[in-house]
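Understanding the architecture of this molecule
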Amino acid sequence: MSPEELVEEVAAAFKEAANPVLADQMYARLEGRFTYYGLLRPARDRAVASILERVPERPHNFWLLNLLELCWMRREREMQYFANDFLTTHVHLLEEPFPDVARRVVMVKPWWDTVDPFAVRILGPWIRRTGRHDVTDRWVRTSQRWMVRSALLHQLSFGQATDEKRLFDYCLQHGRSEDHMVRKAVAWSLVTYRTSNPQAVERFLRRNPNAFTPDINVDLAKDLADSHSVAKPR
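All of the points below concern the structure found in this document.

Let us now look at the side chain of glutamine 80. Among the secondary structure elements, glutamine 80 is positioned in helix 5 (residues 77-88). Apart from residues no more than four positions distant in its own chain, glutamine 80 is found in contact with Cys71, Trp72, Arg74, Lys109 and Thr114.

Following this line, the structure appears as structure tokens:
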């Protein structure tokens with residue numbers, strides 16, 4: 001099965017399973033930015049289960065990159081969700097020129113619902129496997145909010161394996177950003193790393209008391225208060 005055939009069959013299956021009521025709700029949730037079939041993850045998985053049985057067991061790199069771009073060309077948002085889900089299970093097969101395709105994916109029809117899972121589940125694991133830190137080092141210095149957000153979030157699932165110096169450097173670069181989406185990514189990345197290494201994050205924050213905007217500090221303080229509340233004996 002070619003990527004083109006897969007995309008056509010997935011689109012047909014999604015169309016057959018479409019839920020117009022849920023489609024309207026999803027459209028409203030994303031403030032009218034995208035068009036939907038009205039399918040959440042379980043419904044999408046059921047719709048494509050038999051189709052995926054005919055996909056190559058180890059699709060080659062360009063097959064995967066082609067699939068990614070074809071899905072991003074589709075109008076309905078679930079096609080981009082499908083691409084993210086599929087690539088997540090095949091990220092270990094991705095090779096060059098993945099960064100070029102990834103950049104286009106992040107720049108085309110971007111919003112948090114596709115950018116964040118792509119950054120955390122695909123871009124991040126690919127960089128960890130290949131050591132291509134130069135990709136996010138470049139992205140974090142751009143003026144493009146979604147590339148910056150992707151760079152900030154790509155280590156979100158790394159836990160103790162987080163490149164701490166790089167994470168803190170990225171956060172310092174954008175700690176006073178004028179972009180709400182970027183500031184939220186700064187807070188989220190620090191809050192997440194604090195679950196793995198709270199001492200390191202607290203030292204970092206003490207050393208840089210004026211590095212972040214008030215809303216980032218509020219998010220960090222709220223998370224700390226919540227974690228202490230959970231830990232408090234009752």
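Now, onward.
Our next topic: the layout of surface pockets. Space inside the largest pocket adds up to approximately 160 Å³. In this structure, the largest pocket is lined by Phe14, Arg41, Arg44, Asp45, Val48, Ala49, Leu52, Phe82, Asp85, Phe86 and Thr89. Secondary structure elements with two or more residues in the lining of the largest pocket: helix 3 (41-52) and helix 5. No other element matches the 6 residues that helix 3 contributes to the lining of the largest pocket.

The linkage connecting glutamate 96 with the following residue, proline 97, adopts the cis geometry, with an omega of 5°. With respect to the helices and strands, proline 97 occurs in the loop between helix 5 and helix 6 (98-107). Positive phi outside glycine occurs at glutamate 31, with the angle close to 55°. Note on placement: glutamate 31 falls in the loop between helix 2 (20-29) and helix 3. A positive phi angle is found at lysine 109, which is not glycine, with a value near 50°. In this structure, lysine 109 sits in the loop between helix 6 and helix 7 (112-130). Under the relative-accessibility criterion, lysine 109 is labelled partly exposed at 26%.

Assignment of secondary structure puts arginine 77 in helix 5. Judged by relative accessible area, arginine 77 falls into the buried class, the value being 0%. Polar side-chain contacts of arginine 77 include one of 2.9 Å to the side chain of aspartate 113. The residues touching arginine 77, leaving out its near neighbours within four places in the chain, are Phe34, Thr35, Tyr36, Lys109, Pro110, Trp111, Asp113 and Thr114.

A word on the pattern of salt bridges. Applying the stated criterion across every chain, the model contains 20 salt bridges. For glutamate 31, the salt bridge goes to arginine 33, with nearest N and O atoms at 2.6 Å. Glutamate 31 sits in the exposed class, given a relative accessible area of 59%. For arginine 33, a relative accessible area of 34% gives the class partly exposed. Between glutamate 202 and arginine 194 there is a salt bridge, with its nearest N and O atoms 2.7 Å apart. Assessed through its relative accessible area of 22%, glutamate 202 is described here as partly exposed. Connected through shared salt-bridge partners, Arg41, Arg44, Asp45, Asp85 and Arg121 make up one network.

As for its placement among the helices and strands, threonine 162 is situated in the loop between helix 9 (145-153) and helix 10 (164-174). Residue threonine 162 is classed as buried on the basis of its relative accessible area of 11%. Put simply, threonine 162 and serine 50 are 112 residues apart on the chain and 37 Å apart in space, counted from C-alpha to C-alpha. A polar atom in the side chain of threonine 162 sits 2.7 Å from the backbone oxygen of glycine 159.

Time to look at the packing of helix 9 against helix 10. Helix 10 packs onto helix 9 with a crossing angle of 145° between their chain directions and a minimal axis gap of 9 Å. Crossing handedness for the pair helix 9 and helix 10: left-handed. Residues Val148, Ala151 and Leu152 of helix 9 form the contact with helix 10, whose own contacting residues are Leu167, Tyr170, Cys171 and His174. Here the residues of the contact of helix 9 with helix 10 sort into 6 nonpolar, 1 polar and no charged.

What counts as what
- Residues numbered from 1 in each chain as written.
- Predicted model: local features only at pLDDT ≥ 70, side-chain atom pairs only at ≥ 80, totals over all residues.
- Heavy atoms only, no water.
- Helix = DSSP H or I, 4+ residues; strand = E, 2+ residues; numbered from the N terminus.
- Contact = heavy atoms within 4.5 Å.
- 1 Å grid on protein atoms, 1.4 Å probe; cavity = no way out; pocket = protein on both sides within 12 Å on 5 of 7 lines; lining within 4 Å.
- Points joined across faces, edges and corners; volume = space filled by probe spheres on them.
- Buried < 20%, exposed > 50% of the residue type's maximum accessible area, 1.4 Å probe, protein only.
- Polar contact = N/O pair within 3.5 Å; in protein donor to acceptor, adjacent residues only side chain to side chain.
- Salt bridge = Lys/Arg side-chain N within 4 Å of Asp/Glu carboxyl O.
- Axes fitted to C-alpha atoms, helices over the stretch in contact; angles between N-to-C directions.
- Left-handed = near helix turned anticlockwise from the far one by under 90°.
- Nonpolar A, V, L, I, M, F, W, Y, C, P; charged D, E, K, R; others polar.

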